[in-house]
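# Coordinate analysis (summary)
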Amino acid sequence: MSTGLLPPVAPDVLADAVEQLSARLRKKLDAAVADCAARAATSADGSVEVPFGEDASVTLRPGPSGAVTHADQAVCSCLLAPRCLHRAAVLGAAPLADADAHGDQEEPAPDGTAAGEEGSPEGRPDGSGPALPHTAPGDGPRRAADASGAEPVAPVALTPVQVRAAEGLWGVAAEALAAGVAAGGAVVQAELLRAAHTARLAGLPRAEAAALRVVRGLRAARERREGQRLSDLAEAFRALLAGAAALSSGAADAGAAASARRVYAQGGSVRAYGLCREPVVSATGYGGVTTHLIGADGASYTVSDVRPGGLSRAKGAGSAQVALGGAVLDHAGLARGGLRIVGATVSADGRLGAGRGVSATPLRGVDWSEEPVAALFARPVREAMAAALAGDGPGAGEADGPATALLGCDVEVIGAAGDAVVVRVAGEGPLVRLRAAHPHPELPHAANLRRIAQYPGLALRVLGRPDLDRAATLRPLAVGPVPGAPVTLRLPAEWKGRADLGYDRLQGEHFPREGVGPAVPEAVVAGPDPLADAPLWRVRRLLEAGVAGGRRTVAEAGRGAEAASLVARLTRAGLAGAAHLARSLTEEAGRRPRDAFGRLTDASADDYARAWLASAVHLAAAERSLVASSWS
């Protein structure tokens, strides 16, 4: 179903429209939603009209933000309006608007000045683009607080209103999980949206965002959109249920709720040196660039320019002007140069703000072989990956947490293995797969990796983000020559010893003409993959089957020889914990106690959702452990 002409609709507007329907009309809602978008037509005044026969039509009049954010912006001409099926169907067919029409905003700096940075929603593993980077372990928040002289603040407990909102969100999410994609139609989605809006009003923006990801995933799965993956929806359910469980328990503090606005604190004077640029492309239509920097003290920083515009803007933003304290650099110059920032404002995830009191002066860039950048490549990869997988901070690597810190290493190219480049970390390190950070064909990531794969024996210095969901996999953002290596890259002087794989295109002249081994014609063995060799994929298949078909599908999987085979294989592999949780899940899915009249005595899906979540959390932890072993 294409929604091209329909404007985005605020979640609470859609939830209100479905709530006003009678039980009889709710049963017809999914069928009515199916072909609404195909009948939509735009008017000269910018409104969108969807006819329903000769007697009724629905008109959507989006506001200045381009979204329908109020109930009176959706009008139906039938006699039952606004409690009619037509209006609810059109709103249900429209795409969901972002929770905040202004995107990602800043809180004022402690001195009262606004930071003034552009809005830029963070990307997530639901297909909305790359997650924006964060500071090195503990550096960002602590350094900013220390520089401002503020005393540490004790965690604030959640309010009773927030706990009740989280409890309501848990209950609705559990019912949606039990229903699955097959029964997760417009009514189930509206219940999730209602609970998400309640969470937003209670001050739980992270929980609201998790619920919206689940709703978008349900829509994509039901419409069988291209690129939709059931594993992404399962991960979204895990993040939603885990977050709601932690918040509803009352044991979490207010920090677990996150903030709807990015808070910037005074960071004093900062010397930051460019590392590389990374294009940012969001499925919600945003595009731009993030430039990664490192401070003189080793702290990680970023400067981002992300606005509506999608891929086309991401391609051009790499050379856009840096809007930071009157700096006269563009992002290409900043990635190879540096800035001395006075009165810097720094967010908890390391983003540099552009407040009125900020001034920036260009600095000479540093080579990757100079400090403080050299420390990134001197750290053993096993140690760096252990820190990344341990979390480095609350929620790191999770669906709703900060992105993984960058990892640097020197490698030797082995050859191509499918769409990956197999390399060996210098010093008898592990075999690592290099995969495109952004596989879109209009970005040069994949083409640059294919070019690199043609030169086995080439020594490279790689800076990228480790993929925490794949065994020994690195998503490179930039490459450079290895100092002192006889066979390495030969980059132009103006590139300052590094090539941004998302913007620069490697050519034949950038590679050595002699000393590189011949291209390997046969398939390259990428090394052992403990994640693929373990039978944990059977648990994942069970969890994803529950997401697709609901509780009934899991119950069916627990009957017969297939369930016994699942438990036996996991036990033989030494995964007794996974076997126990999988057995508990299938048993709970099939537990439907009834009274003498055949009525359910316990219709709640809470216990089933807890069993599913326990198995999903254990699976994630087991897979992370196997990923860690692949870097040894």
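Below: a short report on this structure. Model, not experiment: these values are computed from the prediction. (Residues numbered from 1 in each chain as written. Predicted model: local features only at pLDDT ≥ 70, side-chain atom pairs only at ≥ 80, totals over all residues. Heavy atoms only, no water.)

Reading across the sheet, the 4 strands line up as β1-β2-β3-β4 and stay open at both edges, with antiparallel pairing between neighbours. Lying at the two open borders of the sheet, with one neighbouring strand each, are β1 (41–42) and β4 (74–76). Those strands touched by helix α4 (residues 85–93) are β2 (48–52), β3 (56–60) and β4, and its axis lies near 40° from that of β3. (Pairing = 2+ DSSP bridges. Helix = DSSP H or I, 4+ residues; strand = E, 2+ residues; numbered from the N terminus. Contact = heavy atoms within 4.5 Å. Axes fitted to C-alpha atoms, helices over the stretch in contact; angles between N-to-C directions.)

Glancing now at the pattern of salt bridges. A full pass over the atoms with the stated rule returns 29 salt bridges. Here D500 ties to R277 by a salt bridge, and the two come within 2.8 Å at their closest N and O atoms. One end of the pair, D500, is in strand β16 (residues 499–500); the other, R277, is in strand β6 (residues 261–281), and 223 residues separate them in sequence. Each member of the pair D500 and R277 is classed as buried. With a shortest N-O distance of 2.9 Å, D467 and R475 are connected by a salt bridge. Owing to a relative accessible area of 22%, R475 belongs among the partly exposed residues under this scheme. (Salt bridge = Lys/Arg side-chain N within 4 Å of Asp/Glu carboxyl O. Buried < 20%, exposed > 50% of the residue type's maximum accessible area, 1.4 Å probe, protein only.)

Burial in helix α14 (residues 445–453) covers these residues: H445, N448, L449, I452 and A453. In a view along the axis of α14, the buried residues occupy a sector of 140°, so they form one face of it. (Arc of directions from axis to C-beta.)

With that settled, the discussion passes to the nonpolar core. Grouped together as the largest cluster of nonpolar side chains are 100 residues, with contacts concentrated most on L6, L29, L192, F237 and W612. Examining the composition of this core, we find that 12 residues originate from one element, helix α6 (residues 160–183), more than from any other. Residues in contact with L6, not counting those within four places in the same chain, are A37, A40, V48, V50, L60, V90, A93, A94 and P95. Of all hydrophobic cores here, the second largest spans 38 residues; its members include V411, V432, L449 and A499. (Core = buried A, V, L, I, M, F, W, Y, C linked by side-chain atoms within 4.5 Å.)

Take the pairing of strand β13 (residues 431–434) next. Judged from the 4 bridges that link them, strand β12 (residues 420–425) and β13 form a sheet pairing that is antiparallel. Across the sheet, V421 pairs through a bridge with L434, a residue of β13.

Purely geometric numbers; function is a separate question.
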